[in-house]
Amino acid sequence: MHCLLRQHSVVFLELFLVLVLGGIAMHVSDPDVPSSLDALRLEGNLSFHDVSLAAKDFGNRFRFLPSAILHPVSVSDIAVIIKHVFQMGPSSKLTVAARGHGHSLQGQAQADGGVVIHMESLRGGGTRVHAGERPYVDASGGELWINVLLECLKHGLAPKSWTDYLHLTIGGTLSNAGISGQAFRHGPQISNVHQLEIVTGKGELLTCSTEENAALFHAALGGLGQFGVITGARIALEPAPEMVKWIRVLYSDFSSFTEDQEMLISARETFDYIEGFVIINRTGLLNNWRSSFNPQDPVQASRFDSDGRILFCLEMTKNFNRDEADVMHQRVEALLSRLRYIPSTLFQSEVTYLEFLDRVHVSEVKLRSKGLWEVPHPWLNLLIPRTRIKDFAEEVFGKILTDSNNGPILLYPLHRSKWDNRTSAVIPDEEVFYLVAFLSSAPSSSDHDNLERALKQNDKILDFCNKAGIQMKQYLPHYTTQEEWKAHFGDRWELFAHRKGIYDPLSILAPGQRIFRKVVRSSRR
């Protein structure tokens, strides 16, 4: 009796703290859940008390308290939990969400009153690198990409496609797509997977690939966690370079900027990584670069004035080994000679391959030290067709957005042909389309209206796209109604819903995506 009272007190306290701290808690944990789950035989353990961490993510806007957190030691722990919830049938409200490193933006990896699987606990399986003509790595779905990279580098190898931030789990990025500046050449991370290990919404553990359980394989890649929990992946590798030539240049003309980007991603001889940024009304821009880059012409660079201007940064890298430096420099010079950037803004640096790939983590450490990392992040990621990118830019940059001080604005092109259209990922119909990512942060300490202002700007951008007929797609999409999701998937909705009915018929998995809602039926007659 004492334990039960204490358990209810903890649940009440967690709910109170979440509400007081400004989060959103829609559910008070069901007191019957612990007794239901406690009897299960697990190698890992379930936590029913300290569950508030699983009601928080990088977005820092939505908080839904689960009833329990599973800390799995083995894949069978995950299968046992999901199978148990499935066998409870539609009379149970329980749902299950897989949580990686907690970098969802709108509560996608949360489970209101359900069970959250702490996927990072699953790392114990080990990361195994297989060399040969077609090298690959087998990694746990809960392993971080940075750790996979470190293990692969011991063998002189590395995955082909990346995200800009490596402290994310394998299963997390593969459930979305995984995009960075290498995607124009290799496609997103979901185009570089040979095999998956998945626990479905029925609790079945299945191995899948293009040859085995192919429908599940394609459904899960970019599937937003709707068809199963990715517990393992076999990822394609390539020889890893030792070094990276890292280059930034500025443009003042948007057409020149995008035309040069499109030329580079279509050229046979080109850079290995190509991204772009939009810079609006930033002061002392080039001086800020000097901490990491060297200007080609220091005198001219010091005279460059960025104040009050809309500028476009093209960021590129060329991979090389130290004994190939001379050849690399010649190739870089030839490529740069084809570009129309502002000459005084050429900045360059040479770093190790690891340093470049893990560059965002350096910024994370600095922001954490200032208390600016765990703040609301009202991000908006859009995929814009090439034929409408100029229309989009003319309305958004300088009109809807008057500065870029709240966070980076990414803008760079991708090739549709590098994406596998059998996966669940949704992209525009044109061969070339742009990722435009508004990566805002809204620290409350500086301005209480930061978050509201950023959300209003996002709404204005989306409203403009709708009114202007720009057939964009959201990346890391966030919708609250099934009608909106149907519009997002378009003619692929029926297949998506059909696959859901096969692999997660009770809609147990990933409830935080708000695509399908579990229909609870009373067990009473």
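A. A look at the overall build of the protein. Counting secondary structure elements, the protein contains 17 helices and 19 strands. Taking 24 Å as the expected radius of gyration for a compact globule of 525 residues, we find that the protein reaches 24 Å, a close match to that expectation. Here the protein holds 525 residues, and 56% of them are scored as buried. Intrachain contacts of the protein at a sequence separation of at least 6 include 76% that bridge at least 24 residues. As displayed, the protein has an accessible area near 23,100 Å², and 50% of this comes from carbon and sulfur atoms. Here the protein carries 54 positive and 59 negative side-chain charges, and the mean point of each set is 3 Å from the other.

B. Focus on the environment of Arg517. With respect to the helices, strands and loops of the structure, Arg517 is situated in the segment after helix 17 (493-503). Taking the C-alpha atoms as reference points, Arg517 and Gly225, 292 residues apart in sequence, are found 14 Å from one another. Engagement of the side chain of Arg517 in a polar contact is seen with the backbone oxygen of Thr480, the distance being 3.2 Å.

C. Broad picture of the nonpolar core. If you look at the biggest cluster of nonpolar residues, it comprises 81 residues, and the most contacted ones within it are Leu174, Ile179, Leu196 and Leu250. In terms of residue count, the dominant contributor to this core is helix 4 (residues 145-153) (five residues). Leaving out residues up to four positions away in the same chain, Ile179 has contacts with Trp162, Thr163, Asp164, Pro188, Tyr412, Leu414, Trp419, Leu435 and Tyr475. Within the second largest apolar cluster, 47 residues are counted, among which are Phe184, Met328, Leu346 and Phe438.

D. Representation of helix 8 (residues 254-266) within the structure. Its 13 residues place the ends of helix 8 18 Å apart at the C-alpha level, agreeing with the 18 Å of an ideal helix rising 1.5 Å per residue. Taken residue by residue, helix 8 has Phe254, Ser256, Phe257, Thr258, Asp260, Gln261, Glu262, Leu264 and Ile265 as its buried positions.

E. Examining helix 3 (residues 75-88) more closely. Here helix 3 contains 14 residues, and its C-alpha end-to-end distance of 20 Å stays within 8% of the 20 Å for a straight helix at 1.5 Å per residue. Of the residues trailing helix 3, Gly89 is marked for its positive phi of about 75°.

F. Representation of the environment of Leu216 within the structure. Within the secondary structure, Leu216 is located in helix 7 (residues 214-220). Judged by relative accessible area, Leu216 falls into the buried class, the value being 0%. Through-space distance from the C-alpha of Leu216 to that of Gly228 is 8.6 Å; in sequence the pair is twelve residues apart. Every residue in contact with Leu216, bar those within four places of it in the chain, is listed here: Ile198, Thr200, Leu206, Cys208, Phe227 and Tyr503.

G. Main features of the pattern of salt bridges. Using the criterion set out here, one finds 20 salt bridges in the structure. The shortest N-O distance in the salt bridge between Asp260 and Arg340 comes to 3.2 Å. With Asp260 in helix 8 and Arg340 in the loop between helix 11 (325-336) and strand 15 (347-352), the pair connects residues that are 80 residues apart, well separated along the chain. We classify Arg340 as partly exposed; its relative accessible area is 44%. Its salt-bridge partner being Glu262, residue Arg386 comes within 4.0 Å of it at the nearest N-O pair.

H. Spatial organisation of the pairing of strand 11 (residues 243-251). When you tally the buried positions in strand 11, you get nine out of nine residues, the bulk of the element. Here strand 11 pairs with strand 14 (residues 310-320) via nine bridges, running antiparallel. Considered in strand 14, the bridge of Val244 is made with Asn319. As defined by bridge partners, strand 11 adjoins strand 15 across six bridges and the pair is classed as antiparallel. Bridging from a neighbouring strand, Ile247 pairs with Gln348 of strand 15.

I. Highlighting the packing of aromatic side chains. Taken as a whole, this structure holds 25 aromatic pairs when the rule is applied. Judged by centre distance (4.8 Å) and plane angle (70°), the ring pair of Trp246 and Phe293 falls under edge-to-face. With a gap of 47 residues between them, Trp246 in strand 11 and Phe293 in the loop between helix 9 (285-289) and strand 13 (294-295) connect regions that are remote in the sequence. In this pair, the class of Trp246 matches that of Phe293, namely buried. The ring centre of Phe356 lies 4.2 Å from the NZ or CZ of Arg359, which sits over that ring.

J. Structural detail: the sheet that holds strand 3 (residues 96-99). A sheet is described by the order of its strands in space; here four strands give the open sequence 1-2-4-3, paired in mixed fashion. On the outer flanks of this sheet lie strand 1 (45-47) and strand 3, each paired with one strand and no other. With strand direction ignored, the average angle separating the axes of adjacent strands in the sheet is 25°. Summarising the sheet, strand 3 and strand 4 (residues 115-118) pair through four bridges and their orientation is parallel. Paired with Arg99 across the two strands is His118, which belongs to strand 4.

K. Seen up close, the packing of helix 14 (residues 389-396) against helix 15 (residues 450-468). Look at helix 14 against helix 15: their axes get within 11 Å of each other, and the N-to-C directions meet at 140°. Viewed along their axes, helix 14 and helix 15 adopt a mutual orientation that is oblique. Seen from above, helix 14 lies across helix 15 with right-handed handedness. The segment helix 14 lies against helix 15, with Asp391, Phe392, Glu395 and Val396 engaging Ile461, Phe464 and Cys465. Residues of the contact of helix 14 with helix 15, tallied by class, amount to five nonpolar, no polar and two charged.

L. The environment of Gln300, seen in detail. Following the sequence through the fold, Gln300 ends up in helix 10 (residues 298-303). Spatially, the C-alpha atom of Gln300 lies 27 Å from that of Phe356, the residues being 56 residues apart in sequence.

M. Quick look at the pairing of strand 15. Two elements, strand 13 and strand 15, share two bridges in a ladder whose sense is antiparallel. By the bridge assignment, Pro295 is partnered in strand 15 with Phe347.

N. How the structure looks around the side chain of Ser140. Along the chain, the position of Ser140 falls in strand 6 (residues 136-140). Within the structure, Ser140 has its side chain in polar contact with the backbone nitrogen of Gly142 (distance 3.0 Å). Setting aside residues up to four positions removed in sequence, Ser140 forms contacts with Leu122, Arg123, Gly126, Ile170, Thr231 and Gly232.

O. Focus on unusual backbone geometry. Of note in this structure, Asn213 is not a glycine but carries a positive phi near 50°. Along the chain, Asn213 falls in the loop between strand 9 (205-209) and helix 7. For Leu476, which is not glycine, the phi torsion reads 55° and is therefore positive. By secondary structure assignment, the location of Leu476 is in the loop between strand 19 (473-474) and helix 16 (482-489).

What counts, and where the lines are drawn
Residues numbered from 1 in each chain as written. Predicted model: local features only at pLDDT ≥ 70, side-chain atom pairs only at ≥ 80, totals over all residues. Heavy atoms only, no water. Helix = DSSP H or I, 4+ residues; strand = E, 2+ residues; numbered from the N terminus. Rg over C-alpha atoms; globule rule 2.2 N^0.38 Å. Buried < 20%, exposed > 50% of the residue type's maximum accessible area, 1.4 Å probe, protein only. Contact = heavy atoms within 4.5 Å. Areas by Shrake-Rupley, 256 points an atom, 1.4 Å probe, with all protein chains shown as cover. Lys, Arg positive; Asp, Glu negative; His and termini not counted. Charge placed at Lys NZ, Arg CZ, Asp CG, Glu CD. Polar contact = N/O pair within 3.5 Å; in protein donor to acceptor, adjacent residues only side chain to side chain. Core = buried A, V, L, I, M, F, W, Y, C linked by side-chain atoms within 4.5 Å. Expected span 1.5 Å × (residues − 1). Salt bridge = Lys/Arg side-chain N within 4 Å of Asp/Glu carboxyl O. Pairing = 2+ DSSP bridges. Phe/Tyr/Trp six-rings, centres within 6.5 Å; stacked < 30°, edge-to-face > 60°. Lys NZ or Arg CZ within 6 Å of the ring centre and 35° of its normal. Axes fitted to C-alpha atoms, helices over the stretch in contact; angles between N-to-C directions. Parallel < 35°, antiparallel > 145°, perpendicular 65-115°, else oblique. Left-handed = near helix turned anticlockwise from the far one by under 90°. Nonpolar A, V, L, I, M, F, W, Y, C, P; charged D, E, K, R; others polar.

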